[in-house]
Amino acid sequence: MTIITTSTRIRSPRRLPIWTLGYFGTIVFANMMLLWFNPLFIAGSAIPPAIFASGFVFVLRDFAQREIGHFVLIAIVAAAATTFGLAGPEVAIPSSSAFLVAELADWVIYSVTKRPMSQRVVISSLISVPMDTAVFYALLDILDPLSLILGIVIKLIGTLVFWVGLKRVEAKQEDME
């Protein structure tokens, strides 16, 4: 049995890369939501429902990188290619462009920051989420100040959910030491 902690990297070639598969699946699912559901209008601003699922992508990438190292970049490319094949260029180009810009920033920040996992998740998300949202909305031609703010807040709620869990795990580990 493998226990994922916030202080140890676990890389076992015999184990299924659960975080990486979750990361890949969430990207593809969020992109397919663009085809399946119409935008929600909040205070007159269009919010793609995919934003609700993509809020978890940035944190899942951090866990995927812990799981498979820098090979996580392959998962990003695979998710973009899968999206292109399933959803076509109308969805794949804005989504892949936004993810590429933001995920590479997230990857760099996560890679160079040697802080506890919970801090890395927050720092990388605070930088990459606004980048992703701005690029994505601009390419979909729905960028306005309110939609940008709403999109960022919605995505950061996903980060908050993971952060609370990570803080609890870290606190338990400190109590055990």
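Residues numbered from 1 in each chain as written. Predicted model: local features only at pLDDT ≥ 70, side-chain atom pairs only at ≥ 80, totals over all residues. Heavy atoms only, no water.

*Asks:* Before we move on, could you go through the nonpolar core and cite the residues and values that matter?
*Replies:* With 25 residues, the main nonpolar core has Tyr-23, Ile-27, Phe-63 and Met-117 as its most contacted residues. Elements with a contribution of two residues or more to this core: α1 (18–36), α3 (57–68), α4 (72–87), α5 (89–112), α6 (117–140) and α7 (145–176). A per-element tally of this core places α3 first, with six residues. Judged by nonpolar contacts, the second largest core, of six residues, contains Ile-51, Phe-136, Tyr-137 and Ile-154. (Core = buried A, V, L, I, M, F, W, Y, C linked by side-chain atoms within 4.5 Å. Buried < 20%, exposed > 50% of the residue type's maximum accessible area, 1.4 Å probe, protein only. Helix = DSSP H or I, 4+ residues; strand = E, 2+ residues; numbered from the N terminus.)

*Asks:* Lay out the packing of α3 against α7 with the relevant residues and their values.
*Replies:* At a minimum axis separation of 8 Å, α3 and α7 run at an interaxial angle of 45°. Taken together, the axis directions place α3 and α7 in an arrangement best described as oblique. Two secondary-structure elements touch here, α3 through Phe-58, Val-59, Leu-60 and Phe-63 and α7 through Lys-155, Thr-159, Phe-162 and Leu-166. For the contact of α3 with α7, the residue count by class is six nonpolar, one polar and one charged. (Axes fitted to C-alpha atoms, helices over the stretch in contact; angles between N-to-C directions. Parallel < 35°, antiparallel > 145°, perpendicular 65-115°, else oblique. Contact = heavy atoms within 4.5 Å. Nonpolar A, V, L, I, M, F, W, Y, C, P; charged D, E, K, R; others polar.)

*Asks:* Outline the environment of Pro-116, supporting the account with residue identities and numerical values.
*Replies:* Structurally, the position occupied by Pro-116 is in the loop between α5 and α6. Residue classification places Pro-116 among the partly exposed residues on the basis of a relative accessible area of 41%.

*Asks:* Run through unusual backbone geometry, naming residues and quoting values.
*Replies:* With glycine set apart, most residues show a phi of negative sign, and most peptide bonds adopt trans. A positive phi angle, near 55°, is found at Ala-43, a position not held by glycine. Considering the arrangement of structural elements, one finds Ala-43 in the loop between β1 (40–42) and β2 (45–47). Looking at Ala-43, the relative accessible area reads 68%, which means it is exposed. Located in the positive-phi region is Asp-141, a residue other than glycine, with phi close to 60°. Its place among the elements puts Asp-141 in the loop between α6 and α7.

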